[in-house]
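Descriptive analysis of the structure
One-letter residues, chain by chain:
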Amino acid sequence: MPEAGECAAVQTGVEAATVEVDVDGARHRLPWPRDQSLVDTMLDAGIDVPHSCREGHCGSCVATLTSGEVYMGSCDILEPHDRADGLILGCQARPVTPEVHVEF
Ligand code: FES
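No experiment lies behind these values; they were computed from the predicted model shown. Here the residue index of a chain counts from 1 through its sequence in written order. In view of the model being predicted, local features appear only for residues whose pLDDT reaches at least 70, and side-chain atom pairs are presented and counted only at 80 or more, with totals across whole chains, interfaces and linings using the full set of residues. Hydrogens are left out, water is left out, and the side-chain values use all remaining heavy atoms of the structure.

A closer look at unusual backbone geometry
- With a phi angle near 55 degrees, Asp-24 is a residue other than glycine that sits in the positive phi range.
- By the criteria applied, helices consist of DSSP H or I runs no shorter than four residues and strands consist of E runs no shorter than two, each listed in order from the N terminus. Checked against the element boundaries, Asp-24 lands in the loop between strand S1 (16-23) and strand S2 (26-33).
- One non-glycine residue, Arg-54, lies in positive phi territory at about 60 degrees.
- For the exposure calls, accessible area comes from a 1.4 Å probe over protein chains only, and a residue counts as buried if that area is under 20% of its type's maximum, exposed if over 50%, partly exposed in between. On the basis of relative accessibility, which here comes to 41%, the residue Arg-54 falls in the partly exposed class.

See below:
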């Protein structure tokens, strides 16, 4: 199991986590399938989330992980100190812990 915020291969599973996400002054609480990115999960829920490439290259989906753990398929554009500060890429993040809180 990778440390929080580290790059890692995509893991799959059927169980969903729960994510509480703050974006544009609103708080949303929704199920987060473990094999789906946070951006895709939010878009599926009809939530307008900042994103562009959805491939881990542009950084437009950067968010802050405030509790819980995620792993990312690709996060090379994040410096180690960014990851240490809790920054994640929403288009790459998938949940590790049952409860996750993220702020955009
Ligand atoms: S949308 Fe480009 S890095 Fe996530």
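A closer look at the environment of His-57
- You can see His-57 is positioned in the loop between helix H1 (38-44) and strand S3 (62-67).
- Here the alpha-carbon distance between His-57 and Leu-78, two residues 21 residues apart in the chain, equals 9.7 Å.

Brief notes about the pattern of salt bridges
- Each reported salt bridge corresponds to a side-chain nitrogen of Lys or Arg within 4 Å of a carboxyl oxygen of Asp or Glu. Applying the stated criterion across every chain yields a total of five salt bridges.
- A salt bridge links Arg-29 to Glu-20; the nearest nitrogen and oxygen atoms lie 3.5 Å apart.
- Of the charged contacts in the structure, one is a salt bridge between Glu-99 and Arg-29, with a shortest N-O distance of 3.1 Å. Here Glu-99, found in strand S7 (residues 99-103), pairs with Arg-29, found in strand S2; they are 70 residues apart in sequence, far enough to count as distant.
- Taken together, the shared-partner salt bridges in this structure form one network comprising Glu-20, Asp-22, Arg-27, Arg-29 and Glu-99.

Focus: the pairing of S2
- Pairing between strands is defined by DSSP: at least two bridges between them are needed. Relative to S2, S1 runs antiparallel, the two sharing eight bridges. From the neighbouring strand, Asp-22 faces S2, where its bridge partner is Arg-27.
- Between S1 and S2, which pair antiparallel one after the other, the connecting turn spans two residues, and Asp-24 there sits at a positive phi close to 55 degrees.

With respect to the side chain of Thr-41
- Mapping Thr-41 onto the fold places it in helix H1.
- With a relative accessible area of 5%, Thr-41 lands in the buried category.
- Apart from residues lying up to four places away in sequence, Thr-41 is in contact with Leu-30, Pro-31, Trp-32, Pro-33 and Gln-36. Should any heavy atoms of two residues lie within 4.5 Å, those residues are considered in contact.

Here's the deal with the environment of Ile-88
- With respect to the element layout, Ile-88 can be found in strand S5 (residues 87-89).
- Judged by relative accessible area, which is 1%, Ile-88 ranks as buried.
- When the C-alpha atoms of Ile-88 and Val-62 are compared, they prove to be 5.6 Å apart, with 26 residues separating the residues in sequence.
- Sequence-distant contacts of Ile-88, that is, excluding residues within four places in its chain, are made with Cys-61, Val-62, Ala-63, Leu-65, Val-70, Met-72, Leu-78, Ala-93 and Val-102.

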